[in-house]
Amino acid sequence: DDWNVSTPEEQELDPMLVAEMYHNAAEFETIYSLLVVKNGHLIAEGYFNEGSVDQKDRLQSVTKSFTSALVGIALEEGCLSSVDQELLDFFPEVAKVSDPRKEQVTIRHMLEMRAGYPNEETHPDLWAGLLSGHYPPLIEAFPLVSDPGTRFHYSNLTSNWLGIIVDRACGMNLKAYAEKRLFASLDVEAGEWGHDAQGHNNGCGDLHLTPRDAAKFGQLYLDDGVYRGRQIVPADWVRDSLQTYSVNEAFVRSVGDFRDIGYGYHWWSAESGEHHVNFAWGHGGQLIVLVDELDMVIVTTSYPFWLEHNDQSWKHEKAIITMVSEFVSSLPSQ
């Protein structure tokens with residue numbers, strides 16, 4: 001009752017290519033779900049290992065794309081006035097910063113991961129700070145590793161600050177705001193959404209959704225922010241979010257058949273075969289992949305490897321991304 005259902009053949013997609021991907025998925029130890037949506041129709045759906053249609057999976061950093069959407073909605077509603085508002089405007093408790101460059105950090109820089117703050121996985125002290133749950137003090141405590149706006153650095157903390165900004169600007173925590181302005185409009189019932197020590201939902205991760213509800217969010221972005229005839233996310237925000245502001249600057253330049261990996265407003269981008277893709281990407285193999293040219297959404301959920309960042313987790317994550325990227329690469333242009 002939540003999706004129009006069809007078949008690959010009816011949506012002019014080679015069923016053998018789809019079948020091959022599902023055959024490969026069945027071999028993976030950590031994948032939970034694999035969904036394919038074409039032309040607004042759910043055309044393939046499978047659950048594996050511990051997955052099920054009703055299970056709300058931890059989407060890890062896929063959450064960042066939802067945080068970005070909520071920033072766009074907050075701008076449209078007037079809670080925020082501009083992506084050029086400065087980070088420190090929303091944190092009066094940070095009375096003074098020793099590095100004056102931090103006064104230049106804007107919401108735009110943060111959305112693009114070009115604020116200058118470091119990737120927390122590069123040093124144990126940074127990782128401990130991320131896990132502390134006390135985020136405003138880290139605006140001063142964490143060093144900048146580049147001038148704001150100049151270079152890409154993947155920063156979970158930056159996404160958490162964005163979540164706090166929406167919380168403070170709109171007067172409600174991120175999950176409550178999402179339920180009112182996003183989820184209710186999509187007929188989505190979210191599960192748990194982790195929060196920090198002050199009760200702010202984590203903008204960087206920890207949102208739990210069913211795979212079908214994750215696919216709705218992907219379809220929303222394919223449809224320029226419209227769901228069932230209603231504009232939910234501003235169309236210009238969707239367009240701006242899916243641009244590429246940094247390319248080949250991330251921790252990887254290619255995964256499987258995804259190459260020239262880039263970043264927009266908390267959405268990744270890549271080339272795959274003859275196709276351009278945008279995707280939300282979470283640790284362990286959580287994906288919402290958009291193939292705009294083909295009007296296609298692909299969703300995977302998997303064991304999230306919560307706080308497990310090692311070669312083993314990356315092996316499983318890479319296998320899932322490779323499977324999806326090879327499928328996209330195999331599809332002919334339309």
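Residues numbered from 1 in each chain as written. Predicted model: local features only at pLDDT ≥ 70, side-chain atom pairs only at ≥ 80, totals over all residues. Heavy atoms only, no water.

Looking at this model, I keep getting lost on the sheet that holds strand E13 (residues 296-302). Mind explaining?
Strands belonging to one sheet form pairs held by backbone hydrogen bonds; the direction of such a pair is parallel or antiparallel. Reading across from one edge, E1-E3-E2-E13-E12-E11-E10-E9-E8 is the order of the nine strands in this open sheet, with mixed pairing throughout. In this open sheet, the two edge strands, each paired with only one partner strand, are strand E1 (4-5) and strand E8 (246-247). Relative to strand E3 (residues 41-47), E1 is paired through two bridges, and the arrangement is parallel. Across the sheet, Asn-4 pairs through a bridge with His-41, a residue of E3. Against the sheet, helix H10 (residues 311-330) engages strand E2 (31-38), strand E10 (268-272), strand E11 (275-282), strand E12 (286-291) and E13, with an angle of about 165° to E13. (Pairing = 2+ DSSP bridges. Helix = DSSP H or I, 4+ residues; strand = E, 2+ residues; numbered from the N terminus. Contact = heavy atoms within 4.5 Å. Axes fitted to C-alpha atoms, helices over the stretch in contact; angles between N-to-C directions.)

Honestly, H10 in this entry has me stumped. Any pointers?
Because each turn of an α-helix spans 3.6 residues, side chains separated by three or four positions end up pointing in the same direction. Helix length check: H10 (20 residues) gives 28 Å between terminal C-alpha atoms against 28 Å at 1.5 Å per residue, within 8%. Taken as a whole, H10 has its buried residues at Ser-313, His-316, Glu-317, Ile-320, Ile-321, Thr-322, Met-323, Val-324, Ser-325, Phe-327 and Val-328. The secondary structure elements touched by the buried residues of H10 are helix H1 (15-25), E2, E10, E11, E12 and E13. Between the side-chain oxygen of the N-cap and the backbone nitrogen of Gln-312 there are 3.2 Å, and the N-cap of H10 in question is Asn-310. (Expected span 1.5 Å × (residues − 1). Buried < 20%, exposed > 50% of the residue type's maximum accessible area, 1.4 Å probe, protein only. Polar contact = N/O pair within 3.5 Å; in protein donor to acceptor, adjacent residues only side chain to side chain.)

What is the right way to look at the pairing of E13 in this model?
Strand residues, when the strand is regular, have side chains that alternate between the two faces of the sheet. Extensive coverage of E13 is indicated by the burial of seven of its seven residues. Of the two faces of E13, the one holding Met-296, Ile-298, Thr-300 and Ser-302 and the one holding Val-297, Val-299 and Thr-301 are both buried throughout. Across seven bridges, the pairing between E2 and E13 is antiparallel. By the bridge assignment for E13, Leu-34 is matched with Thr-300. Bridge count for E12 against E13 is five bridges, and the pairing is antiparallel. From the neighbouring strand, Leu-287 faces E13, where its bridge partner is Thr-300.

Can you walk me through the nonpolar core in this structure?
Phe-66, Trp-161, Leu-182, Tyr-221, Val-233 and Ile-288 are the most contacted members of the largest nonpolar core, which has 70 residues in total. Here this core takes seven residues from helix H6 (residues 156-170), the largest share from any one element. Grouped together as the second largest cluster of nonpolar side chains are 38 residues, Ala-44, Ile-261, Val-289 and Leu-331 included. (Core = buried A, V, L, I, M, F, W, Y, C linked by side-chain atoms within 4.5 Å.)

Even after reading the chapter, I still don't get the environment of Thr-67, so can you show me in this structure?
Secondary-structure assignment places Thr-67 in helix H2 (residues 63-77). Residue Thr-67 is classed as buried on the basis of its relative accessible area of 0%. When the C-alpha positions of Thr-67 and His-266 are compared, they lie 8.0 Å apart, and in sequence the two are 199 residues distant. When neighbours within four sequence positions are excluded, Thr-67 is seen to be in contact with Ser-159, Leu-162, Gly-163, Leu-174, Trp-193 and Gly-203. Of the polar contacts made by the side chain of Thr-67, one reaches the backbone oxygen of Gly-203; its length is 2.8 Å.

Teacher, can you tell me more about unusual backbone geometry here?
Note: most peptide bonds trans; most residues except glycine with negative phi. Its identity is not glycine, yet Gln-60 carries a phi of approximately 50°, on the positive side. Counting through the fold element by element, Gln-60 comes out in the loop between strand E4 (57-58) and H2. The backbone of Asp-224 sits at a positive phi, close to 60°, despite the residue not being glycine. Within the secondary structure layout, Asp-224 lies in the loop between helix H8 (211-222) and strand E6 (226-227). The class for Asp-224 is partly exposed, based on a relative accessible area of 46%.

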